[in-house]
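Residue-level listing of the chains:
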Amino acid sequence: MTSPTLRRTAVAALTTSALALGACTGGFAEEQTTSTGPTRLRVLVAASSDVELAAVRRSVAGWATRTGSTVEVSAAARLTEELAKGFAGGSPPDLFYVEPAMLGTYAKAGNLYAYGDQVADVPYLPALTRTFTYRGRLQCAPKDFSTLALVIDQERWEAAGLTASDLPRDWAQLRTVAARLTRDGAVGLVLAPELQRVGAFMTQAGGWVLSPDGGTLTISSPANVHALQEIRRLLDTGHARLTTQVDAGWAGQALVDRRAAMVIEGNWVRGALAKDAPGRRITVAELPAGPVGRGTLMFTTCWGIAAASPHRDAAVDLVRHLGSDTEQLAAAKAFGVMPSTTSAMRSYARQAPQDAAFVKGASYGRGMPNLPGFSAVVDELNAHLQTLPTTEAGVLLRDAQRVAEPALQE
């Protein structure tokens, strides 16, 4: 996910692996948009971990063997920068991850080959296809997705005398259990100060950063102010902390290090725990409802194909392979994402009952906006959210809105 998919674990360095020997074809030739016979493709991903990277390579290798093609899969340390360099130089990778926040920017610039009509028969989840639709056209196929949920250290939960009946259903109950769990060197709840986590509270309060028609920034709306005030209320009691306050790169690290009893994270947290805290028991629950009901966020990436690729047909064929139920369920098992098709999701729900809360979030989760320039808006808002413990919610959001508006208009 992807990642996600917006997963918080970064790939530390650029690594490259060729699944077969041979040079990669680059550059754009208008007359070369179809491929006959074996093809050489370059694929660039922003994997959340070595496990995800290995899973992508295994899946791609199956297609390469079947078609007799050569595929080079590279992991980007800074995907946006590396793609920008490739687009500017006229030789981008053929296939690559695209986050929603960058979709509109790439599509507006003419960097994407909009192939959605060629995968129209694949039953992708409607919420995901909406995320990757720009100006009425599905630009790329959703790779997989994740949602946010409340991830609980079961040992600490039981030590505090809590049971399944205490799982918080609303904000008030969240405050109560966070207070009871703040003990023995751990804080009750840890979350990251960023839209990708705080935004869940916004949706629970009936707010969001864009108007329903997607044309106006609504960062400083009363509903969003209410959401941040609730988070401040938790922080002020000392029963919740931001990741920056507990010296954690992301909330999952605080859970691994036993500094948090609960965190707000996505499916990928299971991979981190399996690697760094094997045997740790967790319970995953839906996020508590806010004043207007349940709310969570959906994280996804799509398989973008470069408009400049001379092998677009082969790239589409590879996407169809990667999007098959068999390959998506294998990816879900390998690194904790959920499949992007309705058919594979039915199988996933049966196979992973422990992730029922993540699955339920798909029915009401909100995806990240895809407007051109929205990545800069996210950066500005996240910079302001770092000051949440010391800044009044209304002031913080008004300042963020003022600074972010020009970025969206560029």
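Quick note: structure is the one above.
Residues numbered from 1 in each chain as written. Predicted model: local features only at pLDDT ≥ 70, side-chain atom pairs only at ≥ 80, totals over all residues. Heavy atoms only, no water.

1. With respect to the pattern of salt bridges
Throughout the structure, instances matching the rule amount to 17 salt bridges. The shortest N-O distance in the salt bridge between Asp 121 and Arg 320 comes to 2.8 Å. A residue pair is termed long-range when its members are at least 10 positions apart, and Asp 121 in the loop between α3 (100-108) and α4 (126-131) and Arg 320 in helix α11 (residues 312-322) qualify at 199 residues. Exposure remark for Asp 121: the relative accessible area of 56% places this residue in the exposed category. In this structure Arg 320 comes out as partly exposed when scored by relative accessible area, which is 31%. In this structure, Arg 232 and Asp 236 form a salt bridge, with 3.4 Å as the shortest nitrogen-oxygen distance. You can see Arg 232 and its partner Asp 236 sitting in helix α8 (residues 222-237), 4 residues apart, about one turn around the helix. A relative accessible area of 18% means that Arg 232 is categorised as buried. Classification of Asp 236 by relative accessible area gives exposed; the value is 55%. (Salt bridge = Lys/Arg side-chain N within 4 Å of Asp/Glu carboxyl O. Helix = DSSP H or I, 4+ residues; strand = E, 2+ residues; numbered from the N terminus. Buried < 20%, exposed > 50% of the residue type's maximum accessible area, 1.4 Å probe, protein only.)

2. Some remarks on helix α13 (residues 342-351)
Within the sequence span of α13, burial applies to Ser 343, Ala 344, Met 345, Ser 347 and Tyr 348. Packed against the buried residues of α13 are β7 (141-153), α12 (325-335) and α14 (356-361). (Contact = heavy atoms within 4.5 Å.)

3. A few points about helix α1 (residues 50-67)
For α1, with 18 residues, the first-to-last C-alpha span of 26 Å sits near the 26 Å given by 1.5 Å per residue. For α1, the full list of buried residues reads Glu 52, Leu 53, Ala 55, Val 56, Arg 57, Ser 59, Val 60, Trp 63 and Ala 64. At the C-terminal side of α1, Gly 68 shows a positive phi close to 75 degrees. (Expected span 1.5 Å × (residues − 1).)

4. A word on the packing of helix α7 (residues 195-204) against helix α15 (residues 374-385)
The description of two helices packed together rests on the angle between their axes and the distance between the axes. Relative orientation of the contacting elements α7 and α15 amounts to 85 degrees, with a least axis distance of 10 Å. Between α7 and α15, the crossing angle belongs to the class labelled roughly perpendicular. Residue-level contacts link Leu 195, Gln 196 and Val 198 of α7 to Phe 374, Val 378, Leu 381, Asn 382 and Leu 385 of α15. (Axes fitted to C-alpha atoms, helices over the stretch in contact; angles between N-to-C directions. Parallel < 35°, antiparallel > 145°, perpendicular 65-115°, else oblique.)

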